[in-house]
Amino acid sequence: MFQIDTLSRQPVYEQLTRQVEYFIITGIFKECDQIPSVRSVAVEHSINPRTILKAYNELDRRGIIQSVPGKGYFICKDARKKLCEGYMEKLIALKELLSEMSLVGIPKESILECVEEAYNNNNNKEENAT
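Residues numbered from 1 in each chain as written. Predicted model: local features only at pLDDT ≥ 70, side-chain atom pairs only at ≥ 80, totals over all residues. Heavy atoms only, no water.

This next bit is on unusual backbone geometry. Here the phi dihedral of C32 falls at roughly 75°; this positive angle occurs in a residue that is not glycine. In this fold, C32 is placed in the loop between α1 (12-25) and α2 (38-45). The phi torsion at S46 lies on the positive side, around 55°, for a residue other than glycine. Looking at the element boundaries, S46 is found in the loop between α2 and α3 (49-61). The exposure class of S46 is exposed, given its relative accessible area of 69%. (Helix = DSSP H or I, 4+ residues; strand = E, 2+ residues; numbered from the N terminus. Buried < 20%, exposed > 50% of the residue type's maximum accessible area, 1.4 Å probe, protein only.)

The following block contains the structure:
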């Protein structure tokens, strides 16, 4: 399920964290779904279980997943909402970046084309998934 790039500059625990978030946002993981166990991910990818636990603990701390002792980790009911709120915060940073792009002379049309392309790509992914 998870794709781990051991040659990436991004730490493995961050790769796991981002992938769980992506799976929630795209609907692969739904609320109350159980996610793969620490042990199964460790065995499948030959990763130290502490690394996986670090990712899961970070997601647990943020209220995205929750640990049920003796059963495993499960997606929280409001996980998607919390992730969306986090992306709204990124929108502020995006506005600042767009302002800088405007100052250096990047045309608004180029930015709008980029936005349209991103949204069209995501719409195509959703259509292909159904």
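One pass over the structure, following the stated rule, counts three salt bridges. In this structure, E58 engages R61 in a salt bridge whose closest nitrogen and oxygen atoms are separated by 2.7 Å. A residue pair is termed a helical-turn pair when its members lie 3 or 4 positions apart in one helix, as E58 and R61 do in helix α3 at three residues. Looking at E58, the relative accessible area reads 25%, which means it is partly exposed. Under the relative-accessibility criterion, R61 is labelled exposed at 60%. Residues D78 and K82 are paired through a salt bridge, measuring 3.9 Å at the closest nitrogen-oxygen approach. Judged by its relative accessible area of 32%, K82 is partly exposed. (Salt bridge = Lys/Arg side-chain N within 4 Å of Asp/Glu carboxyl O.)

This part takes up the side chain of E21. By the element assignment, E21 lies in helix α1. Once residues lying within four places of it in the same chain are set aside, the contact partners of E21 are L59, R62 and L83. (Contact = heavy atoms within 4.5 Å.)

Nothing here speaks to function; it is all geometry.
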